Every structure is written in structure tokens, then in C-alpha cells.
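Letter by letter, the chains look like this.
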Amino acid sequence: MASQNPAEEEDNSNRKWSLADFEIGKPLGKGKFGRVYVAREIKSKYIVALKVIFKQQIEKYRIQHQLRREMEIQSALRHPNILRLYGWFHDDERVFLILEYAHNGELYKELRKKGHLTEKQAATYILSLTKALAYCHEKHVIHRDIKPENLLLDHEGRLKIADFGWSVQSSSKRHTMCGTLDYLAPEMVENRAHDYAVDNWTLGILCYEFLYGSPPFEAESQADTFKRIMKVDLSFPSSPAVSSDAKNLISRLLVKDSSRRLSLQKIREHPWIIKNANPMGIRK
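Residues numbered from 1 in each chain as written. Predicted model: local features only at pLDDT ≥ 70, side-chain atom pairs only at ≥ 80, totals over all residues. Heavy atoms only, no water.

**Examining the overall build of the protein chain**
To be explicit about the condition: Where helices and strands are cited, they refer to DSSP runs of H or I of at least four residues and of E of at least two residues respectively, numbered from the N terminus. When accessible area is computed with a 1.4 Å probe and restricted to protein chains, residues below 20% of their type maximum are described as buried, those above 50% as exposed, and intermediate ones as partly exposed. Contact definition: two residues touch when any of their heavy atoms are within 4.5 Å. What sets the accessible areas is the Shrake-Rupley method with a 1.4 Å probe; for residues, cover comes only from the shown protein chains.
The helix and strand inventory of the protein chain stands at 10 helices and nine strands. Counting every position in the protein chain, which comprises 284 residues, the buried fraction comes to 50%. A separation of at least 24 residues holds for 63% of the contacts in the protein chain among residues at least 6 apart in sequence. Within the structure as shown, the protein chain displays about 13,800 Å² of accessible surface, and the carbon and sulfur contribution to it stands at 49%.

Below is the structure:
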């Protein structure tokens, strides 16, 4: 990490890291399997996020395979809207992931604070996500768990997909039920084979949540949420006021037949995106 940015270091992947290379700062968050801290690489003074996962937890929840897959997938991805994984190391008790630091934290927190986003903000985020997912799909990576908690914002307000824990590298259909309840596509709820189109469905859910403040199929119980998803029980509240173009985009993504959902290319060309999104991916 001799340069300003660890991403620019050619042989970075071969570098042997240890905790002694970093000054550890404040905690950024806590997950099921460990914690994330802001850290500074001592030699370059470069700020990163250090994700600490306890080996005991990895064994207890049997996530060795999932974690290895997450690390391999994320470290190979290079896109402005995907959080970089620069490298990793471990000691007797813990595994450490060296991640890009997203200064403005979770998009989820911004959404909760504001209640809902403006159409310009929502469209900018959806366009950024669409570009990032198109890049992932080209690399045969299906994310399968896009939700506001997995989306971070950098110092300029640029969106970054962060968590690749449920992502999978596949060019064939899969059967695993995963992801977060409100964001699951009908084919996953029904445990049918699924492909890249599950990510397109999730864009429709997110677009709705960005504009209305809650996901469209939210219900009292898990069973009721499942029923609403399978029926595509979609309705648009009268408040806040949302344009017909936005509703059109959402309706064309939340389609039960996965082959008929709007493609990522068509999302980019949709009038609502063209009218509202900042192509630079930075909040207006």
C-alpha cells in the first residue's frame, strides 16, 4: 500500500498483511458474525474499513464456504458502485477483511432519517445499482441480497454495494432460498429455480422503498408477506406523490414471470431514469 490507494498497488494481493499494519479507530457497525472498524494503514495513512469476523462464529454457523465465496467474488470486482475488498489476513481467533471505507455509511440510515427520497435521488441510486448489477451479471455474479442495509455511500454520496454474503457465481439457474424476506422474488419464495432476474426484481422493490419509505409487500407476518409477493399484490399509496413514470418502472420490474421483467439495459433507457438520474451517480 505504498501508493495513496491500496487498489493501485499491483502486487497487493500477494502482500502479507497483519494487524500491526493498521491503527484501529472507532467501530462502524456490528453484524451477526463480527464487527467493522475504521482503520488507517500505518505506512500509507490510507483509511479503510476493517471487518473482523471471529473464527468461532464462522465454525458455529458453518459459513466457511459462504465467507470464502464472498471474499473471492468481492476481491475480483472493480466497479465504482461496488465496495472494494483490498485483501484479507487472519490470526488464531479472527479473520480480517480490508475494505474500502464508505464515509457516509448505510443508505438505510439516510432512508430512515428522511422517511423517503426525492425522485432525483432515488433515480440516481437505481441507475448506479443498475450499472453495478450489469457489471456483476457480465461476470456471472448474481447478488441475491440487495437491500438498503447492504448499500453504502461514500464521501461524495456515491452508492456502493457492500455485502456479497449471499452472492453467487453462476451461469445456470439456482435453487437456494436466501436474501431478505421483503426483497425476495416470487421464484425464490416458491423455491423454484432462479437466475439473474432476481436482482431485477429487487431493483423494483428498492425503487418503491426509496420513494414510499417502506417495501411494497410488507405485512404483519412472514406468511402474509410471502402471499403478497406470490400474488404480486402491488398498490401505490396516494402519499407521498410519486410520478406515473416511477410507478411504470416499478410495475415493469415487479412482474411474476421473471423472463418478462424489464432488463437492466431497458431500466437505463427508461424515461424516469433519463429524466431524473444524475449519470455521475452523485446526489443532486
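This is not the end of the story, as more comes after the structure.
**Regarding the packing of helix α4 (residues 119–138) against helix α6 (residues 197–212)**
Each pair of packed helices can be summarised by the angle the axes make with each other and by the distance between the axes. Applied cut-off: Helix axes are fitted to C-alpha atoms over the stretch in contact, other axes to C-alpha atoms as well, and angles between N-to-C directions run from 0 to 180 degrees. Put simply, angles under 35 degrees are roughly parallel, angles over 145 are roughly antiparallel, angles from 65 to 115 are roughly perpendicular, and the rest are oblique. Definitions for this section: a left-handed crossing has its near helix turned counterclockwise from the far helix by less than a right angle. A right-handed crossing has that turn clockwise. Residues are grouped as follows: Ala, Val, Leu, Ile, Met, Phe, Trp, Tyr, Cys and Pro are nonpolar; Asp, Glu, Lys and Arg are charged; all remaining types, including Gly, are polar.
Between α4 and α6, the least distance of the axes is 10 Å, while the angle of their chain directions is 165 degrees. When the axis of α4 is compared with that of α6, the two are roughly antiparallel. In the crossing of α4 with α6, the sense of the turn from one axis to the other is right-handed. Counted together, E119, A122, Y125, I126, L129, T130, L133 and H137 of α4 and D199, N200, L203, L206, C207, F210 and L211 of α6 form the full contact between these two elements. Split by residue class, the contact of α4 with α6 holds 10 nonpolar, three polar and two charged.

**Brief notes about the nonpolar core**
For soluble globular proteins, nonpolar side chains are generally found buried alongside one another. For clarity, the threshold we go by: Buried Ala, Val, Leu, Ile, Met, Phe, Trp, Tyr and Cys residues that are joined via side-chain atoms within 4.5 Å together make up what is termed a nonpolar core.
Counting residues in each nonpolar core, the largest one holds 55 residues, and the members touching the most others are L151, F210, L211, I267, W272 and I273. At 11 residues, α4 tops the list of elements feeding residues into this core. Once you skip the residues sitting within four places of it in the chain, I273 turns out to touch A123, I126, L127, L249, I267 and R268. Within the second largest apolar cluster, 14 residues are counted, among which are L67, V95, L152 and A162.

**Re the side chain of D182**
The condition that has to hold: Counted as positive: Lys and Arg. Counted as negative: Asp and Glu. His and the chain ends are not counted at all. Salt bridge, as used here, is a side-chain nitrogen of Lys or Arg placed within 4 Å of a carboxyl oxygen of Asp or Glu.
One can find D182 in the loop between β9 (168–169) and α5 (186–189). Although D182 is buried, it forms no salt bridge, and the closest oppositely charged side chain is R228 at an N-O distance of 7.8 Å. In this structure, D182 is in contact with I205, P215, F217, E218 and T225, ignoring residues within four places of it in sequence.

**A look at the environment of K131**
Within the secondary structure layout, K131 lies in helix α4. On a C-alpha basis, the gap between K131 and P80 in space is 9.4 Å, while along the polypeptide they are 51 residues apart. When residues no more than four places from it in sequence are discounted, the contact partners of K131 are H79, R268 and P279.

**Some points on the pairing of strand β3 (residues 47–54)**
Note the cut-off: Only when DSSP finds a minimum of two bridges between them are two strands counted as paired.
When strand β2 (residues 34–41) meets β3, the two strands line up antiparallel, connected through seven bridges. Residue pairing in the sheet places Y37 in a bridge with L50 of β3. Linking β2 back to β3 in an antiparallel pair, the connection comprises five residues, with K45 at a positive phi of about 65 degrees.

**Describing the pattern of salt bridges**
Applying the stated criterion to the full structure yields 14 salt bridges. Between E209 and R112 there is a salt bridge, and its shortest N-O distance comes to 3.3 Å. In this pair, E209 sits in helix α6 while R112 sits in helix α3 (residues 107–114), placing the two residues 97 residues apart along the sequence. What makes E209 buried here is its relative accessible area of 1%.

**Brief notes about the environment of Q74**
Formally: Side-chain atoms alone can form a polar contact between residues adjacent in sequence; in general such a contact is a pair of N or O atoms within 3.5 Å, and within protein one must be able to donate a hydrogen while the other accepts it.
Looking at where Q74 falls in the secondary structure, it is placed in helix α2 (residues 64–76). Assessed through its relative accessible area of 2%, Q74 is described here as buried. Separated by 11 residues in sequence, Q74 and L85 have C-alpha atoms that sit 5.9 Å apart. Ignoring any residue separated from it by four or fewer positions in sequence, one finds Q74 in contact with L83, L85, L99, A162 and F164. A distance of 3.1 Å separates a polar side-chain atom of Q74 from the backbone oxygen of L83.

**Considerations on the sheet that holds strand β1 (residues 22–30)**
An order of β1-β2-β3-β5-β4 is seen for the five strands of this open sheet, with the pairing classed as antiparallel. Only two strands of the sheet have a single partner each, and these edge strands are β1 and β4 (85–90). With strand direction ignored, the average angle separating the axes of adjacent strands in the sheet is 25 degrees.

**Description of unusual backbone geometry**
P240 follows S239 through a cis peptide bond whose omega is 0 degrees. Here P240 is to be found in the loop between α7 (222–231) and α8 (244–253). Unlike most non-glycine residues, N191 shows phi in positive territory, near 60 degrees. Positive phi is not limited to glycine here, since V232 has a value of about 50 degrees. Relative to the helices and strands, V232 resides in the loop between α7 and α8.

**Structural notes on the packing of aromatic side chains**
As a reminder, the rule being used: In this scheme Phe, Tyr and Trp rings, the latter by its six-membered ring, pair at centre separations within 6.5 Å, and the angle between planes marks the pair as stacked below 30 degrees, edge-to-face above 60, and tilted otherwise.
Within this structure, the stated rule accounts for nine aromatic pairs. Here F22 and F89 contribute two aromatic rings whose centre-to-centre distance is 6.0 Å and whose plane-to-plane angle is 5 degrees, an arrangement assigned as stacked. With F22 in strand β1 and F89 in strand β4, this pair connects stretches of sequence that are 67 residues apart. Each residue in the set W17, F22, F89 and F96 is aromatic and connected to the rest through ring pairs, giving one cluster.

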